[in-house]
Amino acid sequence: MVTERGAKRLLLLSRRGPEAPGAAALREELSALGATADVVACDVADRAALEGVLAGRRLTAVVHAAGILDDGIVATLDEQRLSTVLRPKVDAAWHLHELTRDSDLAAFVLYSSVSGLMGSPGQGNYAAGNTYLDALAAHRRAAGLPAVSLAWGAWTQDVGMTGRLGDAAVERMARSGMPPLTVEQGLALFDAATAVDDAFVVPVRLNPGDFRAHNQIPPILSGVVSGPRRAAAAAGRSAVTLRDRLRGLDPSEQEQLLREIVAGYAAVLLGHGDASGIDPERNFLELGLDSLIAVELRNQLSDVVGLRLPSSVILDSKTPAQLAKWLHAELASQTDLSAAGTRTAGGAGPAADGGADSLQRIFFTAVHAGKEVEAMRMLTAVAATRPSFESTAELEDLPAAVTLADGPRDPRLICVSAPGATGGVHLYARIAAQFRGRRHVSALPLVGFAPGESLPATGAAAARVVAESILHASDGDPFIVVGHSTGGTLAYFAAGELEHTWGIKPDAVIMLDTLALTFSQDDYDNVGRFYLAGIDSPLVNLNSARLSAMAHWFVRLKDISVPPTTAPTLMIRSAVTPDGQEIPYTDPWVPVDDVRSIEADHLSLAAEHSALTAGVIEEWIAGLAG
């Protein structure tokens, strides 16, 4: 704006204003270039605050570039998660429009996103907010006012919101058909796009070869990118073709074909050139799958096999081989796959999701009615009727760790699951991906969450089973225990148990936004926000075993009494709320040696902001070694 457009006065608004990282240096740099910059703290989504800042100023141009991400599949987007993303996009843009409508502006530029034009897995809220900006630009043009909405593709890793993504996520974007823009490319496209006399411009890079290679050409690009139509558009035909192919094979060959199909789709989504990079007997999580990829894989397989697959089918199946076996059974139950091709006499088989058991239905009804506390107490009562153990000697096997990333094992990271309804080892997949090739990372499930498993009868039994599972997972190597939320509570107690019972001290304990070490049975204040997150479209099967185990472990936490560990401890705290508001610093509830805050919220630090979390972990571990 200064060096290329000749601007001499700039009004730079953000929620933190002068306190934002780099603000002072930016103002000095602009001053050296001959421009005056006022850096002001203002929440542009607050109309009164914005009106106060703009009062008495003569504006000649507006560029609205604000945005916040809170990714998740549509069924998990509650009112708060929608507000988090829509407020800085929708409310702020409308206030700028209203308060500058009578100004003689030369330009009104809105930073939109290609996600609103083509869709983007896990970004329904973000896509909606950006589509609003596109519509607002058209509205202003119709009223004779200047406006252009720029539907950007992603920028490179060190720029803007993608600056928080890890290498794996950026590489996946680069293979998507729309590689990220460098700063130089983005600025050149900005100049070109704002010179176009149109309300809506799409400044992106296209790589047609990637679209064709993945057979996923967005319909809107069908006139730009030549090649086969994407698989989703041909779902009906591909399903028929698959069943015809299966009828010409014997059962073992049918299952092998389904293995190849599962491995092929997984290979594309995980960035492999072909299915040869996928071991069908290897856990999906170890292959690099995360929650968003699991949803996309489920959707693509639903299209190709012609079945409505449950949201939890990928993680429940664990491996491509097991998923292929399950798909074969489901197809066989609904269609005669013999060479004759006649319909199974009994008609359609059981529903793909198996239906919800009675406890599940009652629980969901109560939660949706706002009775989370009553629902949790019901589950606690159910858990009391299940088999329990006082000693780990009563268990046939300890919970087995799942490898999420392979790499050097000095020390290895062992993550402890938090006992949420949709929790489990998969919630560490995106953090683990940041360490792939650099450090061995595994995650431990909690006992009692699978059907037929016993629950710890006491707090002592709970601490002991987690500690022994960690010891078994370490396999004699040095290790660091990691836990997110209440998983951090269990990690801290298990470290103390290991040290004071067996004399084995972890190299360190790392807690990711762990709020407290002790809990009351009646303390269900955070149940709706953390323990029940994503229950309407879970990636794991929310059966009665999982639901009652969740409530039982929550209660057992209050009974654990273990001497504190003397291992070095780190707390990584979330610095913002889900709606992007800054959290004032307070002393942590948990005794720790070091506290680091990152620009993420309680849930996002293990998801879309996992690269930030992993970076702090690696830096801190390096400091220990030094």
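Just so it is clear, the structure is predicted and the values come from calculations on it, not from any experiment.

Draft legend 1. Highlighting the sheet that holds strand S5 (residues 148–152). Strand order in the open sheet formed by four strands is S3-S4-S5-S6, and the pairing between neighbours is parallel. A single partner strand is all that each edge strand has here, and the edge strands are strand S3 (61–64) and strand S6 (200–201). Judged from the five bridges that link them, strand S4 (residues 107–113) and S5 form a sheet pairing that is parallel. Bridge assignment links serine 112 to a residue of S5, and that residue is alanine 151. Lying on the sheet, helix H3 (residues 79–100) is in contact with S3 and S4; it crosses S3 at an angle near 175°. In the packing of helix H7 (residues 183–194) onto the sheet, the strands contacted are S4, S5 and S6, and the crossing angle to S5 comes to about 150°.

Draft legend 2. Inspection of the environment of valine 416 at higher detail. In this fold, valine 416 is placed in strand S9 (residues 412–416). Here the alpha-carbon distance between valine 416 and leucine 490, two residues 74 residues apart in the chain, equals 7.1 Å. Once residues lying within four places of it in the same chain are set aside, the contact partners of valine 416 are Tyr428, Leu444, Leu446, Val466, Ile470, Val481, Val482, Gly483, His484, Gly487, Leu490 and Ala491.

Draft legend 3. Structural context of empty space enclosed by the protein. Taken as a whole and assessed by the stated rule, the structure comprises one cavity of 30 Å³ or more. In this structure, the largest cavity occupies an estimated 40 Å³ of space. Lining the largest cavity, in full, are Pro399, Leu444, Pro445, Leu446, Val447, Val465, Val466, Ser469 and Trp553. The leading source of residues in the lining of the largest cavity is helix H18 (residues 459–474), at three residues. Residue classes in the lining of the largest cavity are distributed as eight nonpolar, one polar and no charged.

Draft legend 4. Highlighting the side chain of serine 604. Position of serine 604 relative to the elements: it lies in the loop between strand S15 (594–598) and helix H22 (610–625). Beyond its immediate sequence surroundings of up to four residues, serine 604 is in contact with His609 and Ser610.

Draft legend 5. View of H22. Taking 1.5 Å of rise per residue, the 16 residues of H22 would be expected to cover 22 Å, and the 23 Å separating its terminal C-alpha atoms lies within 8% of that figure. Within H22, the full set of buried residues consists of Ser610, Ala611, Thr613, Ala614, Val616, Ile617, Trp620 and Ile621. At its buried positions, H22 is contacted by S9, helix H17 (429–433), strand S12 (479–484), strand S13 (508–512), strand S14 (569–574) and S15.

Draft legend 6. A look at the packing of helix H10 (residues 251–269) against helix H12 (residues 291–305). Put simply, H10 and H12 touch, their axes get as near as 10 Å, and they point 140° apart. Taken as axis vectors, H10 and H12 run oblique relative to one another. Considering how the two elements wind past one another, H10 and H12 form a crossing that is right-handed. Residue-level contacts link Ile261, Val262, Tyr265, Ala266 and Leu269 of H10 to Ile293, Glu296, Leu297, Gln300, Leu301 and Val304 of H12.

Draft legend 7. Up close: the sheet that holds strand S8 (residues 402–405). The strand order across the open sheet formed by seven strands is S8-S10-S9-S12-S13-S14-S15, and the pairing between neighbours is mixed. Here the strands that pair on one side only, and so sit at the sheet edges, are S8 and S15. Going across the sheet, the axis of each strand differs from the next one's by a mean of 25°, ignoring polarity. Of the strand pairs in this sheet, S9 and strand S10 (residues 441–444) are connected by four bridges, and their pairing is parallel. Considered in S10, the bridge of cysteine 415 is made with alanine 443.

Draft legend 8. Seen up close, unusual backbone geometry. With an omega of -5°, the peptide bond between aspartate 410 and proline 411 qualifies as cis. Its place among the elements puts proline 411 in the loop between S8 and S9. With a phi angle near 75°, lysine 318 is a residue other than glycine that sits in the positive phi range. Tracing the backbone shows lysine 318 in the loop between helix H13 (313–317) and helix H14 (320–334). According to the relative accessible area criterion, lysine 318 is partly exposed, its value standing at 45%.

Draft legend 9. Geometry of the pattern of salt bridges. Scanning the model with the defined rule gives 18 salt bridges in all. Two residues, glutamate 98 and arginine 47, come together in a salt bridge whose shortest N-O distance is 3.1 Å. Taken as a pair, glutamate 98 in helix H3 and arginine 47 in helix H2 (residues 47–54) lie far apart in primary sequence, 51 residues in all. Residue classification places glutamate 98 among the partly exposed positions, given a relative accessible area of 25%. Here arginine 47 falls in the partly exposed class, since its relative accessible area comes to 33%.

Draft legend 10. Structural context of the pairing of S3. Because side chains alternate across S3, one face comprises the buried residues Val62 and His64, and the other comprises Ala61 and Val63, none of which is buried. Where S3 meets S4, four bridges bridge the pair, whose relative direction is parallel. Note that in S4 the partner of histidine 64 across the bridge is leucine 110.

Draft legend 11. Main features of the nonpolar core. Counting 112 residues, the largest nonpolar core has Leu289, Leu301, Ile314, Ile470, Ile510 and Trp553 as its most contacted members. Of all hydrophobic cores here, the second largest spans 20 residues; its members include Cys42, Leu50, Leu105 and Leu133.

Draft legend 12. Molecular detail of the packing of aromatic side chains. The tally for this structure, following the rule as stated, stands at five aromatic pairs. When the centroid spacing of 6.3 Å and the interplanar angle of 65° are considered together, the rings of tyrosine 492 and phenylalanine 493 count as edge-to-face. For phenylalanine 493, a relative accessible area of 7% gives the class buried. Each residue in the set Tyr111, Trp152, Trp155 and Phe190 is aromatic and connected to the rest through ring pairs, giving one cluster.

Draft legend 13. Representation of the environment of alanine 138. Inspection of the secondary structure assignment puts alanine 138 in helix H5 (residues 124–142). When the C-alpha atoms of alanine 138 and serine 149 are compared, they prove to be 8.5 Å apart, with 11 residues separating the residues in sequence.

Draft legend 14. Fine view of the environment of threonine 335. Within the secondary structure, threonine 335 sits in the loop between H14 and helix H15 (358–368). For threonine 335, a relative accessible area of 4% corresponds to the buried category. On a C-alpha basis, the gap between threonine 335 and arginine 247 in space is 9.7 Å, while along the polypeptide they are 88 residues apart.

Draft legend 15. Just the confidence of the model for the chain, in detail. Averaged over the chain, the pLDDT score is 82; the fraction of residues at 70 or greater is 81%. For residues 228–240, every residue scores under 50 in pLDDT, and the model assigns this stretch 17 contacts once sequence neighbours within four places are set aside. Scored below 50 in pLDDT, residues 340–356 shows 29 contacts in the model against residues more than four places distant or in partner chains.

Draft legend 16. Just the pairing of strand S1 (residues 9–14), in detail. Note: S1 against strand S2 (residues 36–41), six bridges, orientation parallel. Across the sheet, residue arginine 9 finds its bridge partner in S2, namely threonine 36. What joins S1 to S2 is helix H1 (residues 23–32), and the crossover it makes is right-handed.

Parameters at a glance
- Residues numbered from 1 in each chain as written.
- Predicted model: local features only at pLDDT ≥ 70, side-chain atom pairs only at ≥ 80, totals over all residues.
- Heavy atoms only, no water.
- Pairing = 2+ DSSP bridges.
- Helix = DSSP H or I, 4+ residues; strand = E, 2+ residues; numbered from the N terminus.
- Contact = heavy atoms within 4.5 Å.
- Axes fitted to C-alpha atoms, helices over the stretch in contact; angles between N-to-C directions.
- 1 Å grid on protein atoms, 1.4 Å probe; cavity = no way out; pocket = protein on both sides within 12 Å on 5 of 7 lines; lining within 4 Å.
- Points joined across faces, edges and corners; volume = space filled by probe spheres on them.
- Nonpolar A, V, L, I, M, F, W, Y, C, P; charged D, E, K, R; others polar.
- Expected span 1.5 Å × (residues − 1).
- Buried < 20%, exposed > 50% of the residue type's maximum accessible area, 1.4 Å probe, protein only.
- Parallel < 35°, antiparallel > 145°, perpendicular 65-115°, else oblique.
- Left-handed = near helix turned anticlockwise from the far one by under 90°.
- Salt bridge = Lys/Arg side-chain N within 4 Å of Asp/Glu carboxyl O.
- Core = buried A, V, L, I, M, F, W, Y, C linked by side-chain atoms within 4.5 Å.
- Phe/Tyr/Trp six-rings, centres within 6.5 Å; stacked < 30°, edge-to-face > 60°.
- pLDDT = per-residue confidence, 0-100.
- Right-handed = clockwise from strand over helix to strand, strands pointing away.

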